[in-house]
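Residues per chain, in single letters:
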Amino acid sequence: MSVAPVSVATLSAMKARGERIVSLTCYDACFAHLLDRAGVDLLLVGDSLGMVLQGHATTVPVTVEQMAYHGASVARGRERALLAVDLPFMAAATPERALDSAARLMQEGGAQVVKLEGGEWLAETVRRLSEQGVPVCAHLGLLPQSVNRLGGYRFQGRDETSAERIRREARVMEEAGASLLVLECVPAALAGEISRSLSIPVIGIGAGAGCDGQVLVLHDMLGLNPGRPPSFSRDFMQGCGSIGEAVAAYVEAVRDGSFPAAAETPY
Ligand SMILES: Nc1nc(=O)c2c([nH]1)NC[C@@H]1CN(c3ccc(C(=O)N[C@@H](CCC(=O)O)C(=O)O)cc3)CN21
Ligand SMILES: CC(C)C(=O)C(=O)O
Ligand SMILES: [Mg+2]
């Protein structure tokens, strides 16, 4: 039996009804099939694949071609879940480049939504993509593609000046036509406030339980991180006998609001 596929409109309707949105990163067809059947609403082919699959220290080396390859693999495994693919480092450096990159991610990579990291300087790019029919997911807070400028993977928006900047950038992205927003590593109070003030769904990672949905890196929530996992993640394999059970536990914990708990909300 086939199920109605998720669209950005479905996610908006979920926000309006107060139903939490469940998202995980996904990089291949096998996991796409498993996550889709477990009820994950949004599959994100994240450029985190440069770290978890390729073994790089950052996401900077990842290319559009690699993102398209993994996107196409995930697209072949999904049925119901919406598929978002990250624009990697420098792929949105100019609006023209972003349009070309997004075309590749959608035409070769099966993307239904294109995600891009960054603030106000991307407003024109988001507008141009939206005009061309590309649903855009903005990404604010910690921007891993800027790790070489930031000097590490640190929480953002912890002082009033940077919190106000993130608030303003969130508004600008919505006004420019973004359909979704990811907030990464920002204090829970700020993320909750932004989620309530925007009409588009806000998906948090390290941003507390007050967002409209949650996303984690798949390998982190399966306890497969070789180093120290981020403090905001949870190993859902603990107490579960299979990957399918662990993913089902994550889906339930996000839907009922029990993930993230206080212990997974550092600020
Ligand atoms: N495996 C993995 N998980 C991720 O969540 C992830 C990636 N890779 N790669 C791309 C980015 C990088 N991200 C990261 C990586 C590390 C921390 C981290 O360890 N943060 C510290 C807090 C540092 C501070 O603000 O003091 C932590 O303890 O969570 C956070 C986000 C999130 N993304
Ligand atoms: C963690 C999510 C939001 C991401 O951008 C990625 O996996 O690359
Ligand atoms: Mg990413």
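Residues numbered from 1 in each chain as written. Chains lettered and ligands numbered in written order. Predicted model: local features only at pLDDT ≥ 70, side-chain atom pairs only at ≥ 80, totals over all residues. Heavy atoms only, no water.

Looking at an unreviewed UniProt entry, one finds the chain named 3-methyl-2-oxobutanoate hydroxymethyltransferase and attributed to Allochromatium humboldtianum. The heading Subunit (unreviewed entry) in the UniProt record of the chain holds the text "Homodecamer; pentamer of dimers." UniProt lists a comment for the chain under the heading Function (unreviewed entry), and it reads "Catalyzes the reversible reaction in which hydroxymethyl group from 5,10-methylenetetrahydrofolate is transferred onto alpha-ketoisovalerate to form ketopantoate." (UniProt positions renumbered as here; feature names shortened; annotations may be inferred.)

Engineer: Account for the sheet that holds strand β4 (residues 113-117), with residues named and values stated.
Structural biologist: The 8 strands are arranged β1-β2-β3-β4-β5-β6-β7-β8 in a closed barrel whose pairing can be described as parallel. Taking each pair of neighbouring strands and ignoring which way they run, the sheet shows an average axis angle of 25 degrees. The pairing of strand β7 (residues 202-205) with strand β8 (residues 213-216) spans 2 bridges and is parallel. In the sheet register, I203 faces β8, and the bridge partner there is G213. Packed onto the sheet, helix α8 (residues 160-176) meets β5 (136-141) and β6 (180-184) and runs at close to 175 degrees relative to β5. (Pairing = 2+ DSSP bridges. Helix = DSSP H or I, 4+ residues; strand = E, 2+ residues; numbered from the N terminus. Axes fitted to C-alpha atoms, helices over the stretch in contact; angles between N-to-C directions. Contact = heavy atoms within 4.5 Å.)

Engineer: If you had to explain the nonpolar core to someone new, which residues and values would you point to?
Structural biologist: Core analysis: the largest hydrophobic core is formed by 86 residues, its most contacted members being L24, L43, L105, L181, L183, M221 and Y250. When neighbours within four sequence positions are excluded, L183 is seen to be in contact with L140, I166, A191, I194, V202, I203, G204, I205 and A207. (Core = buried A, V, L, I, M, F, W, Y, C linked by side-chain atoms within 4.5 Å. Buried < 20%, exposed > 50% of the residue type's maximum accessible area, 1.4 Å probe, protein only.)

Engineer: Explain unusual backbone geometry to me, using residue names and the numbers behind them.
Structural biologist: With omega at -5 degrees, the peptide bond leading from F259 into P260 counts as cis. By secondary structure assignment, the location of P260 is in the segment after α11 (243-255). Phi at M90 is positive, roughly 70 degrees, even though this residue is not glycine. Locating M90 in the fold gives a position in the loop between β3 (82-86) and α5 (95-107). The exposure class assigned to M90 is partly exposed, which follows from its relative accessible area of 46%. Not every positive phi belongs to a glycine, and C185 is a case in point at roughly 50 degrees. Residue position: C185 is located in the loop between β6 and α9 (188-197).

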